[in-house]
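The residues making up each chain are set out below.
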Amino acid sequence: MAEPLQVEVVSADEVVWSGTSTLIIAKTVDGDMGILPGHAPVLAVLAPGGVEIVTEDASREVVAVDGGFLSVAQGRVSILSEYARMADEISIDQAERELADAQARLDAGEDTEEVRQHVMRASAQVRAAHKVR
């Protein structure tokens, strides 16, 4: 059996999660991707949502990301995103309110990079929070 994956999830300002994993499931711009120990090297562009990490003790961690990159090489997985947050730290109600507010601003014609980014982050938080509930 292959050694477990060494995983690190990094946001713009901190390491959000680090440890070993037997399975990672991430949504990329090309579709869902599963990563198991021994996976071939790959670089993928992440879509906003929740990245699932199954640890060696079979527990499941979910991290909300607003996009970014996933890199696999030599048994190491790096998940790099400007925004990343553990899903169990997210309030679904608050995330849904933030998404509704950001979407309303976008629908009202406030089509700026900041508002689009807010929609992506809030959407990622909602999806990730629902995965752990």
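The rules behind each value
- Residues numbered from 1 in each chain as written.
- Predicted model: local features only at pLDDT ≥ 70, side-chain atom pairs only at ≥ 80, totals over all residues.
- Heavy atoms only, no water.
- Helix = DSSP H or I, 4+ residues; strand = E, 2+ residues; numbered from the N terminus.
- Rg over C-alpha atoms; globule rule 2.2 N^0.38 Å.
- Buried < 20%, exposed > 50% of the residue type's maximum accessible area, 1.4 Å probe, protein only.
- Contact = heavy atoms within 4.5 Å.
- Areas by Shrake-Rupley, 256 points an atom, 1.4 Å probe, with all protein chains shown as cover.
- Lys, Arg positive; Asp, Glu negative; His and termini not counted.
- Charge placed at Lys NZ, Arg CZ, Asp CG, Glu CD.
- Expected span 1.5 Å × (residues − 1).
- Arc of directions from axis to C-beta.
- Core = buried A, V, L, I, M, F, W, Y, C linked by side-chain atoms within 4.5 Å.
- Polar contact = N/O pair within 3.5 Å; in protein donor to acceptor, adjacent residues only side chain to side chain.
- Patch = residues over 30% accessible without salt bridge, like charges linked within 9 Å, V, L, I, M, F, W, Y side chains within 5 Å.
- Salt bridge = Lys/Arg side-chain N within 4 Å of Asp/Glu carboxyl O.
- Pairing = 2+ DSSP bridges.

Draft legend 1. Focus on the overall build of the chain. Each helix and strand in the chain was counted, giving two helices and nine strands. When the helices and strands of the chain are read in sequence order from the N terminus, they spell out β-β-β-β-β-β-β-β-β-α-α. Its C-alpha atoms give the chain a radius of gyration of 15 Å, within 12% of the compact-globule value 14 Å for 133 residues. Taking the principal axes of its C-alpha atoms as reference, the chain extends roughly 55 × 25 × 25 Å. For the chain, the proportion of its 133 residues judged to be buried stands at 40%. A sequence separation of at least 24 residues applies to 54% of the contacts in the chain between residues at least 6 apart. With the model as given, the accessible surface of the chain reaches about 7100 Å², and the carbon-plus-sulfur share is 50%. Side chains of the chain carry 11 positive and 23 negative charges; the gap between the two charge centres is 3 Å.

Draft legend 2. Main features of helix H1 (residues 92-107). Compared with the 22 Å implied by 1.5 Å per residue over 16 residues, the 22 Å span of H1 between its first and last C-alpha is a close match. The complete set of buried residues in H1 reads Ile92, Ala95 and Ala102. Taken end-on, H1 shows its buried residues confined to a sector of 100 degrees, consistent with a single buried face. For H1, exposure combined with an orientation more than 90 degrees from the buried face picks out Asp93, Arg97, Asp101 and Asp107. Among the structural elements, helix H2 (113-132) are those in contact with the buried residues of H1. At the C-terminal side of H1, Gly109 shows a positive phi close to 100 degrees.

Draft legend 3. Quick peek at the nonpolar core. Counting 21 residues, the largest nonpolar core has Val7, Val9, Leu70, Val77 and Ile79 as its most contacted members. Top contributing element to this core by residue count: strand E2 (residues 15-28), with four residues. Every residue in contact with Val77, bar those within four places of it in the chain, is listed here: Leu5, Gln6, Val7, Glu8, Ile24, Ile35, Leu70, Ser71 and Val72. Of all hydrophobic cores here, the second largest spans ten residues; its members include Val62, Ile90, Ile92 and Ala95.

Draft legend 4. Spotlight on the side chain of Ser11. Summarising the element assignment, Ser11 is placed in the loop between strand E1 (5-10) and E2. In terms of polar contacts, Ser11 uses its side chain to reach the side chain of Asp13, at 3.0 Å. For Ser11, the contacting residues outside a window of four places in its chain are Val16, Ser81, Glu82, Tyr83 and Ala84.

Draft legend 5. Quick look at a nonpolar patch on the surface. A cluster of nonpolar residues, Val29, Leu43, Val45, Phe69 and Leu80, forms a patch on the protein surface that exposes about 470 Å² of accessible area. Tracing the backbone shows Leu80 in strand E8 (residues 76-80).

Draft legend 6. Just the pairing of strand E5 (residues 49-55), in detail. Most of E5 is tucked away: six of the seven residues are buried. Two strands pair when backbone bridges link them, and E5 and strand E6 (residues 60-65) are joined in this way by six bridges, in the antiparallel orientation. Of the residues in E6, the one forming a bridge with Val51 is Val63. In textbook terms, the turn of a hairpin is the stretch between consecutive antiparallel strands, and for E5 and E6 this stretch comprises four residues, one of which, Ala58, has a positive phi near 70 degrees.

Draft legend 7. Summary view of the pattern of salt bridges. All chains considered together, the criterion is met by seven salt bridges. Put simply, Arg121 and Asp66 hold a salt bridge, and the shortest N to O gap is 2.9 Å. You can see Arg121 sitting in helix H2 and its partner Asp66 sitting in the loop between E6 and strand E7 (68-73), a full 55 residues away along the chain. For Glu113, the salt bridge goes to Arg116, with nearest N and O atoms at 2.9 Å. Within this pair, Glu113 and its partner Arg116 are both found in helix H2, separated by three residues, close to a single helical turn. A cluster of three or more residues bridged by salt bridges with shared partners is formed by Glu52, Arg60 and Lys131.

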